[in-house]
Amino acid sequence: MPKLFGRAYSKKQLLERVGDMTQLAGARRAELVEGNERGADLIEVFNASGLCFSVLPGRALDIASAHYKGMSLCFRSSTGDVGPAFYEPEGYAWVRGFFGGLVVSCGLIFAGHPEVDPEEENEELGLHGRLSYIPAKSVVAESGWEDQDYVIKVSGKIRETVVFGTNLELTREISTVLGEKSLRIHDRIENLSLDPSPLMFVYHTNPGFPILDTGARVVLNSSKTTEWLEDREVDPETCTTTPSPRKNAHEDVYIHRPIPDAQGTVHVGLINDRLGLGLYWKFPFREMPVITHWQHFHRGTYVTGIEPGNVSMLGRAWNRKHGYLNHIQPGEVREFHLEIGVLEGEREIRAFERRVRQGLRKRTKT
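Everything numeric in this text was worked out from a predicted model, so none of it was measured.

Q: What should I look at first to understand unusual backbone geometry in this one?
A: Most peptide bonds take the trans configuration, and most residues that are not glycine carry a negative phi. That bond from Gly107 to Leu108 is cis: its omega, 0°, falls within 30 degrees of zero. Inspection of the secondary structure puts Leu108 in the loop between strand E8 (104-106) and strand E9 (115-116). Phi at Asp41 takes a positive value of approximately 55°, unusual for a residue other than glycine. For Asp41, the position within the fold is in the loop between strand E3 (25-30) and strand E4 (42-47). Look at Asp41 and you get partly exposed, because its relative accessible area is 26%. Phi angles above zero are rare outside glycine, and His128 is one such case at about 60°. Checked against the element boundaries, His128 lands in the loop between strand E10 (124-125) and strand E11 (137-146).

Okay, structure coming up:
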């Protein structure tokens, strides 16, 4: 039963009050036609809870922007929503179309800085793989009642394939429920080839201002955290508080091995106490046992990355060395589930932090 505007409403009560449910929630498709955004296309999802977000069918159904009650939940770069025809796969040129956004998908066979893997293709693999630049097919945007819940769904299929090689298909569904301040992504990856394939799949989520600001805190449980340059273990507390924008460009990357709760679920939060607002991420540990934590607090590109995945964003060699690199077998299916939501007010923030602490205590006792 949706809770809106301070009270709960039944389906009947809402239908008595609106001419059409698009007054309260829905998804609208549009076409981007100017400049390098041509081909990205657009699906705008609206929820009267205050949550709105934009999905790009031409870019793997990634979530290019998101707002809550008018406040951006993510960083937006200067590139705009670059269409797939403008993809430059060589080296680091992936960033020419990195719009930031709430979710950018990395993979399917590679995530990391450009690298040659002599044990597999023995050719250069470009930054973070091709997935985010592959257009989706069989795209559907629909809304409807499921018992007493009004649900908005966007779905489609994305295939990364090459003759004589990779043939992986990703089936994606993004959903939100009227009255809720969260969205859920369910991804299903199937190997349609007759050969095993490396599977490197990471959600590059990019919270930004105003939630990301001076003093904002990352809340998580990590059994081990290492920095990227020397693979040296560090205290997670050294990388969880956000500084002010810096004059000189500098970035850091940390790899967290998160601790799940008793149900096997990982909880991560970014909290802005001054605003009384936060974001949370929730996902199964067995599906994504690694979080890459990217920090780029330079003036004008003030962003952090909370990046859960089945591997880290440090490429083939690092993941093979640390036992995270694995293969998806012919006909095998892997599933991934990610929930991203808003924490509003001290009560919700403190409840979230208690949940994180309880998960740590339960794991410690066992």
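On we go from here.
Q: How should the pattern of salt bridges be read in this particular structure?
A: Once the charged atoms of two side chains with opposite charge are near each other, the side chains can pair. All told, the structure shown has 25 salt bridges when counted by the stated rule. A salt bridge links Asp273 to Arg217; the nearest nitrogen and oxygen atoms lie 2.7 Å apart. Of this pair, Asp273 sits in the loop between strand E21 (265-272) and strand E22 (277-284) while Arg217 sits in strand E17 (residues 217-219); the two residues are 56 residues apart in sequence, bridging distant segments of the chain. Residues joined in a network through salt bridges with shared partners are Asp117, Glu119, Glu121, Arg316 and Arg320.

Q: Would you mind showing me how to read the packing of aromatic side chains here?
A: Within a pair of aromatic rings, the relevant descriptors are the distance that separates the centres and the angle that separates the planes. Enumeration over the complete set of coordinates arrives at 9 aromatic pairs. With 5.2 Å between their ring centres and 65° between their planes, Trp145 and Tyr150 make a pair best called edge-to-face. Classification of Tyr150 as buried rests on a relative accessible area of 7%. One aromatic cluster in this structure is built from Trp94, Phe98 and Trp294. Across from the ring centre of Tyr9, 4.1 Å away, lies the NZ or CZ of Arg7, which sits over that ring.

Q: Help me understand the nonpolar core, please; the structure alone is not making it clear to me.
A: Among the nonpolar cores identified, the biggest contains 94 residues, and Phe53, Ile63, Leu178, Val268 and Trp281 are the most heavily contacted of them. In contact with Ile63, other than residues within four places in its own chain, are Phe53, Ser54, Val55, Phe99, Gly101, Leu102, Val103, Ile174, Leu183 and Ile185. Counting residues in each nonpolar core, the second largest holds 7 residues, with Val219, Ile349, Phe352 and Val356 among its members.

Q: What's the story with the side chain of Arg257 in this structure? I'm lost.
A: Positionally, Arg257 belongs in strand E20 (residues 251-258). Buried and without a salt bridge, Arg257 has Asp231 as its closest oppositely charged side chain, separated by 4.9 Å. Only 2.7 Å separates the side chain of Arg257 from the side chain of Thr226, close enough to count as a polar contact. Not counting the four nearest positions on each side in its chain, Arg257 is found in contact with Asn221, Ser222, Ser223, Lys224, Thr225, Thr226, Pro289, Trp318, His322 and Tyr324.

Q: Would you mind going over the sheet that holds E3 with me for this structure?
A: The strands that make up a sheet pair up through hydrogen bonds in the backbone, lying either parallel or antiparallel. In space, the 5 strands of this open sheet follow the order E3-E4-E5-E6-E7, with antiparallel pairing throughout. Pairing within the sheet leaves two strands with one partner each, and these edge strands are E3 and strand E7 (71-72). Where strand E5 (residues 51-56) lies against strand E6 (residues 62-68), 6 bridges are found, and the strand directions are antiparallel. Across the sheet, Cys52 pairs through a bridge with His67, a residue of E6.

Q: Before we go on, may I ask you to explain a positive patch on the surface in this structure?
A: A contiguous patch of positive charge on the surface is contributed by Lys282, Arg354, Arg355 and Arg357. With 3 residues, helix H3 (residues 345-365) is the largest single contributor of residues to the positive patch. Positionally, Arg354 belongs in helix H3. Judged by its relative accessible area of 42%, Arg354 is partly exposed.

Q: I keep staring at the sheet that holds E21 and nothing clicks. Help me out?
A: Taken in spatial order, the 8 strands of this open sheet run E11-E12-E13-E14-E26-E22-E21-E17, and their pairing is antiparallel. Two strands in the sheet have a free side with no partner beyond their single neighbour: E11 and E17. Going across the sheet, the axis of each strand differs from the next one's by a mean of 15°, ignoring polarity. Relative to strand E14 (residues 182-191), strand E13 (residues 167-177) runs antiparallel, the two being bridged by 8 bridges.

Definitions and limits used
Residues numbered from 1 in each chain as written. Predicted model: local features only at pLDDT ≥ 70, side-chain atom pairs only at ≥ 80, totals over all residues. Heavy atoms only, no water. Helix = DSSP H or I, 4+ residues; strand = E, 2+ residues; numbered from the N terminus. Buried < 20%, exposed > 50% of the residue type's maximum accessible area, 1.4 Å probe, protein only. Salt bridge = Lys/Arg side-chain N within 4 Å of Asp/Glu carboxyl O. Phe/Tyr/Trp six-rings, centres within 6.5 Å; stacked < 30°, edge-to-face > 60°. Lys NZ or Arg CZ within 6 Å of the ring centre and 35° of its normal. Core = buried A, V, L, I, M, F, W, Y, C linked by side-chain atoms within 4.5 Å. Contact = heavy atoms within 4.5 Å. Lys, Arg positive; Asp, Glu negative; His and termini not counted. Polar contact = N/O pair within 3.5 Å; in protein donor to acceptor, adjacent residues only side chain to side chain. Pairing = 2+ DSSP bridges. Patch = residues over 30% accessible without salt bridge, like charges linked within 9 Å, V, L, I, M, F, W, Y side chains within 5 Å. Areas by Shrake-Rupley, 256 points an atom, 1.4 Å probe, with all protein chains shown as cover. Charge placed at Lys NZ, Arg CZ, Asp CG, Glu CD. Axes fitted to C-alpha atoms, helices over the stretch in contact; angles between N-to-C directions.

It is worth stressing that arrangement in space is one thing and function is another; only the former is reported here.
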